[in-house]
Amino acid sequence: METLLAKLGTLWPEIVLLMGAVSCLATGLNHSPFARRLTPAVAAASMLVAALLVLIIPDDTVHPLGLDGMGWFVKLAVLGVGLLLLALAAGVPDALMQQRRTDAAVTFDAGTSIKGEFYAFFLLSATGAMLTAGATDLVWLFLALELVSLPTYVMIATTRDTAIAQESAIKYFFLGAMSAAVFLYGFALIYGATGFTDFENIRAAVEADGVNPLLIVGVMMSVLGLCFKVAAVPMHVYAADVYQGAATPVTAFLAYVPKVAGFVALMLVLSLVGWPLPTPVLALLAVVAVLTMTLGNLLACVQGNLKRVLAYSSIAQSGYLMLGLIAGPALGADVEAVLTLFGGSRDVSQPIGNGLAAVLFYLPAYGLATIAGFGVLGVLWVDRGENPDPLDDEAQTFDSISGLWHRHPFLAGVLLVSMLSLVGIPPLAGFMGKVLLGSSIVSAPLQTLSYVLLIALVINSAISAAYYLRIIIVAFFGRDAEATHVRPTPLRFAAAAVAAVIAFALGGHLATPVAQSAHEATRHGVVKAPPSELPEPDTAVADAAP
Amino acid sequence: MNLIVGILIPLLPLIAAALCLVCCWKHAWSKASWVVAMGGVVLSFVVSMLMLFGGAAGSLSVYEWMAVGDFSVGVRYFFDPLTLLMLFVVTGVGSLIVVYAGGYMKGDPGYPRFFAAVALFIFAMTTLVMADSLVLLFLGWEGVGLCSYLLIGHYFQKDFAVQAAKKAFIVNRVGDFCLLIGLFLLFQEYGTLSLHGYTAEGGAVVTGILEQATLALKGTNGEGSSAAIDTWIPMLLMMGAFGKSAQFPLFVWLPDAMAGPTPVSALVHAATMVTSGVYLIVRMLPVFQLSPCALVTVACVGGFTALFAATIALCSNDLKGVFAYSTVSQLGYMFMGIGAVSAGGAIMHLYTHAFFKALLFLTAGSVMHALAGQLDIRTMSGLRHRMPVTAALMFVGCLALAGLPVLSAGFWSKDMILADTMAVGLYDWRGYGVLYQVIAWVGIVTALLTAFYTFRLWFTVFMGEERFVMGDEHHDEESHDTHSAGEVEAEAHNSEQREVPAHHDHMHDAPHEMPWWPMNAPLVLLAIGSTVVGVWLFGLLGGNEKAGFEKMTLDAVALVEHHGDTGHGDEHAPLPSFREGPGEGAPVASDSHVAAPHAENEHPPLTPPEGRGIQTDPHAAADAHAGHHGLHHATFLGGDVHVVMMWMSGLIALAGIAAAAYFHWVHRPARDAVAKAFAPVVTLLRNKWYVDEIYDAIIVQPLKLFGQVFYIFDALLIDGLVKLTGSMPRILGTGVKPAQSGKMQGYGLGMALGVALLALIVLVAFVKGTG
């Protein structure tokens, strides 16, 4: 009982968000139009309070897997970027025909208003992501992950006046359920292998008995299932359709929040076996990473729809992030070599070489760039005249952003920053993220595999430049698209612009402190043994083993 | 003096550049851009001078971008006498040229664009010379390259200007690529890219490249390291320097770069940017000294380029072309000087050259301006009556370039290089004695050629009977590149005529003198700097052997030159007293003994290994300080080498001027007779040794061929692949999509198959791993 109370004490930010979600339902379904208009403000306020609580409440709990500060870091990343997402999404329900009718009606019918649900689900999903970061038990982890996903199905289905939205929500739902089955099966196997569901005991069992094949299969199934959350091969198939079908601000949400939750969950699951990873898991992750980035980039090159391009881009970025997971906290002997290369003796207080820190750094970096990109698309709308397209008025095609520079130079500038950060051009956040990812994979004790993965990262970055730059070229040098207009949503524009500015800052002045705190959060991650004491290395690395 | 003020030096021009761009917005504002740029650059000059006379020294960390352990990338400036002297040249000469350009560019449609690029250039160039980290230096290096590209292509509607800009950019790419690899190797070898040591934010102490190289050099007893990487690094850096400073084989872009407006030729392609290669090598001198053969290579290339370019200048008939090749040639002298470990001579020549070459280009610009873009000197004669001030100013510049003894600045700097090279040769330094002697002789021959071609131009243009042809669309066919440059400049003038009625009569009336403000007044200052006054100023600014950058370079040099059995500095050359700095009347010999203990105290941390460590040898240090680098006590042709060389180069210069006067002023028919006698040589030289054609045949054409092959490859294979990939989803889609509802099941199936497939892969890996 005492531990439960202690646990609850650390959950205040999540509790505040839940309270916010309930309040949103109350205001969103309120008779008074004023209260209804207040709903997004309520959501924002609860997120702000939650963020403040995260900052204030000292997090001195000892994480069973050594990821002491990860919860703190991820919660802030979710809440901070989440506020931008909220600014982007504010007003989405108001534009819907159903909501407009409800608001215009003489007598208010709460049954037809969807305003409350939208913001409430938004907050619930964010709560789920935060709970994932704080998970100390497989059951909790599973529930938190489901809390992330379930509200998003509704958000997709209800926020666009087209049939595609419903279609993609259904797809997302069924495929998501299938993936949940896969990773739940994995969790069950982990339980079967160790006899525990809480991380501390699993860890103790693994340390006592070593890694048995059942545990490995369990971890692998969990990884494969979680690939759905991060949109990685082979669970990536839904991404393009769903991203295209959802309203653009919701797409931005889908591209960030479930991905954060997914990567955090992957980190936790992999921590159960510890780094260096057992060969089968390593092989799985390496194959998934390379396939994901390559497939994502190649398919992004051939898309004609911008939202699909960004969907595949998001898939490819997941592939890059996988490298950090493969490297792990990576305190191997090779770290020393890399640090020497960077001009110093071995100094584990630096984030270089820590793959988990790289993942934590890269997630907000990627999120900001993606938000800026989707934000620009969300600000634009296309006048399709008398003949409304089934794609309604969303700006989705290359034509719709053609020549954006001539009429809306600021929007084009935001788009430019966003795309360059996604390519990884210095001094933007994406560059720093890739530097951290790349150096962590090089310093991981994987011999040849390190370099294979690094080369894959570099080649894929080059490929990705093709489609990112294509977007820029169209926006800057294309013929002016007459039919494209700007929505009167200053908040949405501000969110995109702020995201772009932070992307700058994160590549510049903020880079060192953020990377440092990501490192502090993960530096005590589970490392089984120094490589010198490793048992005979297995296949993947056998050829280069000492 | 608070170093933080130093931020303003690059910052003010940067702000000015931004404001100039704002001026592009509205036509009415464009006039303000000149004032803005001038303000930025002049203020930057003022700050530089404040720092110089405030005795600024040390490093200044402005911004730390990325710090990983001991490795950090950020903006860190370093001030020492060398940097401050370079800042004087860049911002001082820059200010004068910006003032002049205000008059010269008047009426140009790209007026604000021009000044934005110029201010940006000053920003990049000051960054380059102030950078303490080679990363920042490289940033400045690329920045000046970009500005050079923008400014050469200022008349971008003209095809040849675009071609010239591209040529400059691409040729520089070759050098920059080498430089970049050199930087990588430096990082690998030294573990840092910082030139000087500093304490990082975390408290870690980083030893800079220069300190490490100096220490390594002392370890080798001044003989240079035999490790291959210690030669590769300077060789690669050298290629970068050669690209930027237009040395053989990468000099081809500079003559074409004259397609830019004349103030740009003066600022970027004569006075400042092209000397950044010289600066780089002087800055990195210990790294170069560490290699046994890098410096002699620098000297050889410099000597060869000096002679080679001088021969081309000899027969060029293009007003700006002569000066362009002369720039290449003078830069060759500077490299010759560095190669002979005479960093002082190289920097002094850099400094004097900045003055007189800027002066020459700007006066040439005035002539062009007056003649509506005419560039062919064969059409000009006796212009001294029309343009007396310009004639006088250019005369001063020509005297400096030719090296008129005692009175001109060029004489002193060129002599220092020649004498030091000869001295090093006689000393048989590192066993390359003969080579250095040959180079010194090449330098002397080049001095003769220089004096001749310089005055050939001046006598032809300003002396004799008055004759001129105004520039227009009609030009001779011979000098292809430059005649089009004339066209462009003429165009600029045409537009000026439309907008400024005062200049209306350019085209059809006689040429006239330029106005004092803003055009001739700055030239007068440049002319003063081109005389012996400039040399005095040099001593004042830091050429002082006891305090300024010369002492700095001498300290560096002293590390290499272990002293032989020659006596100490009591028989060195009677250098002119102003080189000792103002009020320094004492004979140099006596203060050499004073300098010795001083030098010992200079580097307490650098304890040399036992043996013939230089710093511990008071004689060596003393000699290094007293003379130029302690090598020049050798006798040459029966006298002290410095004295003899001074006489020789003085006489040579006079001989060249006299010959030019005879052939091009007094008795012009003789010129034609000689030209006829040497017709094939003249043709060869007029065609610039066919270097462009040779490059075209061996580099450009094969590359084009490659390009075509790859294009076909690209069109067939890559495009095919891309199209195939593009149609894949559609093919797959049509295959998997019998109905809309089937799609999701397809996805589910795909996911399940993917899981199965990956499980299989892992199983195989697992089985192989365990069994």
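Caption draft 1: Layout of the overall build of chain A. Within chain A, the regular secondary structure consists of 24 helices and two strands. Relative to a compact globule of 546 residues, whose C-alpha radius of gyration would be 24 Å, chain A shows 23 Å and is just as compact. Taking the principal axes of the C-alpha coordinates as reference, chain A spans close to 75 × 60 × 40 Å. Residue burial in chain A is summarised as follows: out of 546 residues, 61% are buried.

Caption draft 2: Just the overall build of chain B, in detail. In terms of regular secondary structure, chain B is built from 29 helices and six strands. The burial tally for chain B puts 55% of its 771 residues in the buried class. Of the contacts formed within chain B by residues at least 6 apart in sequence, a portion of 79% connects residues at least 24 apart.

Caption draft 3: Molecular detail of the environment of His667 of chain B. Along the chain, His667 of chain B turns up in the loop between α25 (641–666) and α26 (668–677). Along the backbone, His667 of chain B and Ser225 of chain B are 442 residues apart, and their C-alpha atoms lie at a distance of 57 Å.

Caption draft 4: Representation of the packing of helix α6 (residues 159–190) of chain B against helix α8 (residues 228–244) of chain B. Residues and elements named next belong to chain B. With their axes 7 Å apart at the nearest point, α6 and α8 run at an angle of 150° to one another. Here α6 is positioned roughly antiparallel relative to α8, judged by the angle of their axes. In this structure, the crossing between α6 and α8 has a hand that is left-handed. Judged by residue contacts, Val171, Asn172, Val174, Gly175, Asp176, Cys178, Leu179, Ile181, Gly182, Leu185, Leu186 and Glu189 of α6 engage Ile229, Trp232, Ile233, Leu236, Leu237, Met239, Gly240, Phe242, Gly243 and Lys244 from α8.

Caption draft 5: Expanded view of the environment of Leu282 of chain A. Within the element layout of this structure, Leu282 of chain A appears in helix α14 (residues 279–301). Along the sequence, Leu282 of chain A and Gly69 of chain A sit 213 residues apart, while their C-alpha atoms lie 25 Å from each other.

Caption draft 6: Seen up close, helix α1 (residues 8–23) of chain B. Residue and element names in this part refer to chain B. Counted at 1.5 Å a residue, the expected span for α1 with its 16 residues is 22 Å, and the 22 Å between its end C-alpha atoms agrees. Residues Ile9, Pro10, Leu12, Pro13, Ala16, Ala17, Leu19, Cys20 and Cys23 constitute the buried set of α1. Against α2 (32–53), α3 (81–104) and α4 (111–130) lie the buried residues of α1.

Caption draft 7: Highlighting the nonpolar core. Within the largest apolar cluster, 225 residues are counted, with the highest numbers of intra-cluster contacts made by Ala37, Val118, Ala119, Ile281, Ala358 and Leu359 of chain B. Examining the composition of this core, we find that 18 residues originate from one element, helix α15 (residues 343–370) of chain B, more than from any other. Beyond its immediate chain neighbours, meaning those up to four positions away, Ala37 of chain B contacts Ala16, Cys20, Val98, Phe115, Val118 and Ala119 of chain B. In terms of nonpolar packing, the next biggest core, distinct from the first, is built from 217 residues, Phe199, Val233, Val442 and Ala503 of chain A among them.

Caption draft 8: Region of the structure containing the confidence of the model for chain B. Residue and element names in this part refer to chain B. Of the residues in chain B, 78% have a pLDDT of 70 or more, and the chain-wide mean is 77. Overall, residues 490–508 carries pLDDT values under 50, and its contacts beyond four positions in sequence, including any with other chains, amount to 23 contacts. In the predicted structure, residues 562–630 sits below a pLDDT of 50 and forms 126 contacts with residues beyond four places in sequence or in another chain. Across the interfaces of the predicted complex, the ipTM metric reaches 0.79, alongside a pTM of 0.72.

Caption draft 9: Looking closely at the packing of helix α20 (residues 429–443) of chain A against helix α22 (residues 490–507) of chain A. Residues and elements named next belong to chain A. Across the interface, α20 lies against α22 with an axial gap of 6 Å and an inter-helix angle of 40°. Classed by the angle they form, the pair α20 and α22 counts as oblique. Across from Ala429, Phe431 and Met432 in α20, the residues of α22 making contact are Ala503, Leu506 and Gly507. Split by residue class, the contact of α20 with α22 holds five nonpolar, one polar and no charged.

Caption draft 10: Focus on the confidence of the model for chain A. Residue and element names in this part refer to chain A. When pLDDT is averaged across chain A, the result is 85; 91% of the residues are at 70 or more. In the model, residues 342–346 has pLDDT below 50 throughout and makes 18 contacts with residues more than four positions away in sequence or in other chains. Taken together, the stretch residues 529–546 has pLDDT below 50 and engages in 26 contacts with residues farther than four places along the chain or on a different chain.

Caption draft 11: Broad picture of the environment of Leu147 of chain A. Residue and element names in this part refer to chain A. Residue placement: Leu147 occurs in helix α8 (residues 138–158). Since 20 C-beta atoms lie within 10 Å of it, Leu147 is described here as buried. In sequence terms Leu147 and Gly111 are 36 residues apart; their C-alpha atoms lie 24 Å from each other.

Caption draft 12: Inspection of unusual backbone geometry at higher detail. With an omega of -5°, the peptide bond between Trp275 of chain A and Pro276 of chain A qualifies as cis. Here the bond from Phe248 of chain B into Pro249 of chain B is cis, since omega is 0°, no more than 30 degrees from zero. Take Pro249 of chain B: it is sitting in the loop between α8 and α9 (253–256). One non-glycine residue, Ala231 of chain A, lies in positive phi territory at about 55°. Among the secondary structure elements, Ala231 of chain A is positioned in the loop between α11 (213–230) and α12 (238–245). According to the C-beta neighbour criterion, Ala231 of chain A is buried, with 29 such atoms within 10 Å. Positive phi outside glycine occurs at Ala246 of chain B, with the angle close to 55°. Tracing the backbone through its elements, the reader meets Ala246 of chain B in the loop between α8 and α9.

Caption draft 13: Just α15 of chain B, in detail. All names here are of chain B. In this model, α15 (28 residues) spans 40 Å end to end at C-alpha, consistent with the 40 Å of a helix rising 1.5 Å per residue. Most pronounced at His353, the bend in α15 amounts to some 30°. For α15, the buried fraction is high: 28 of the 28 residues fall into the buried class. Two residues or fewer after α15 comes Ala372, characterised by a positive phi angle close to 55°.

Cut-offs and rules
Residues numbered from 1 in each chain as written. Chains lettered and ligands numbered in written order. Predicted model: local features only at pLDDT ≥ 70, side-chain atom pairs only at ≥ 80, totals over all residues. Helix = DSSP H or I, 4+ residues; strand = E, 2+ residues; numbered from the N terminus. Rg over C-alpha atoms; globule rule 2.2 N^0.38 Å. Buried ≥ 20, exposed ≤ 12 C-beta atoms within 10 Å, placed from the backbone. Contact = placed C-beta atoms within 7 Å. Axes fitted to C-alpha atoms, helices over the stretch in contact; angles between N-to-C directions. Parallel < 35°, antiparallel > 145°, perpendicular 65-115°, else oblique. Left-handed = near helix turned anticlockwise from the far one by under 90°. Expected span 1.5 Å × (residues − 1). Core = buried A, V, L, I, M, F, W, Y, C linked by C-beta atoms within 7 Å. pLDDT = per-residue confidence, 0-100. Nonpolar A, V, L, I, M, F, W, Y, C, P; charged D, E, K, R; others polar. Bend = angle between axes of the 7 residues up to and from the residue.

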